[in-house]
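# Report on the structure
Letter by letter, the chains look like this.
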Amino acid sequence: MNGGTNIASPLRHVKAMLSNGHEECDCVVAILTDGRLDSYQTNDAISQAKELGNSVASLSIYAFGVGRGAEYAELMRLILNGTKGPDTTTPLLLGRCFPLRTTNETLW
């Protein structure tokens with residue numbers, strides 16, 4: 001890794017928190033980041049999201065990218081490949097990526 005944002009680690013933490021008797025729950029994960037993700041970090045986060053998704057009934061991921069530094073394409077790849085609907089292992093678009101900016105920042 002090159003010092004970018006590590007989204008896989010919080011996903012591991014969520015999985016650990018839900019590992020005791022929460023297998024039937026519908027899980028919603030909100031990611032708030034201003035960082036950049038490279039392909040390695042995104043692949044690691046997707047792997048963790050899939051593991052989390054396999055341990056719960058359904059998984060929705062919402063990513064909030066703050067500022068111009070957030071890597072929106074990689075966040076969307078995480079959402080598209082990491083979410084799953086109830087009773088299925090195929091990805092389902094249950095999440096969304098939201099670009100956020102400060103009030104004094106011009107639109108991009």
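Whatever comes next refers back to the structure up there.
These lines cover the structure that appears in this document, whether it is placed above or below. (Residues numbered from 1 in each chain as written. Predicted model: local features only at pLDDT ≥ 70, side-chain atom pairs only at ≥ 80, totals over all residues. Heavy atoms only, no water.)

## Remarks on the overall build of the protein chain
Selection criterion: Only DSSP runs of H or I reaching four residues or more are called helices, and only runs of E reaching two or more are called strands; each is numbered from the N terminus. Throughout, exposure labels follow a simple rule: accessible area from a 1.4 Å probe, protein chains only, divided by the maximum for the residue type, with under 20% read as buried, over 50% as exposed, and the rest as partly exposed. For this analysis, residues touch if any pair of their heavy atoms sits within 4.5 Å.
Looking only at helices and strands, the protein chain features three helices and three strands. The proportion of buried residues among the 108 residues of the protein chain is 39%. For the protein chain, restricting intrachain contacts to residue pairs at least 6 apart in sequence, the fraction spanning at least 24 positions comes to 76%.

## So, the packing of helix H1 (residues 8-17) against helix H2 (residues 39-54)
Heads up, the rule is: Note on geometry: axes are C-alpha line fits, over the in-contact stretch for helices, and angles between N-to-C directions span 0 to 180 degrees. Oblique is the label for any angle not covered by the other classes, which are roughly parallel (under 35 degrees), roughly antiparallel (over 145) and roughly perpendicular (65 to 115). Throughout, a crossing is termed right-handed when the near helix is turned clockwise from the far one, and left-handed when it is turned anticlockwise from it by less than a right angle. We call Asp, Glu, Lys and Arg charged. Ala, Val, Leu, Ile, Met, Phe, Trp, Tyr, Cys and Pro are nonpolar, and the rest, Gly among them, are polar.
Viewed as axis vectors pointing N to C, H1 and H2 meet at an angle of 10°, and their least axial separation amounts to 8 Å. As judged from the angle between their axes, H1 and H2 are roughly parallel. Classified by chirality, the crossing of H2 by H1 is left-handed. From H1, Ala8, Leu11, Arg12, Val14 and Lys15 reach across to H2, where they touch Asp44, Ala45, Gln48, Ala49, Glu51 and Leu52. Looking at the contact of H1 with H2 residue by residue, the classes come out as six nonpolar, one polar and four charged.

## With respect to the sheet that holds strand E1 (residues 26-33)
To be explicit about the condition: Two strands are said to pair when DSSP picks up at least two bridges between them.
A sheet is described by the order of its strands in space; here three strands give the open sequence E1-E2-E3, paired in parallel fashion. Across the chains shown, the open sheet's two edge strands, defined by having one partner strand only, are E1 and strand E3 (96-100). Geometrically, the sheet is characterised by an average inter-axis angle of 15° between neighbouring strands, direction not taken into account. Along the sheet, H2 contacts E1 and strand E2 (58-66); its crossing angle with E2, the most-contacted strand, is approximately 145°.

## A short note on the environment of Gln41
By the secondary structure assignment, Gln41 is in helix H2. Here the alpha-carbon distance between Gln41 and Ile7, two residues 34 residues apart in the chain, equals 7.4 Å.

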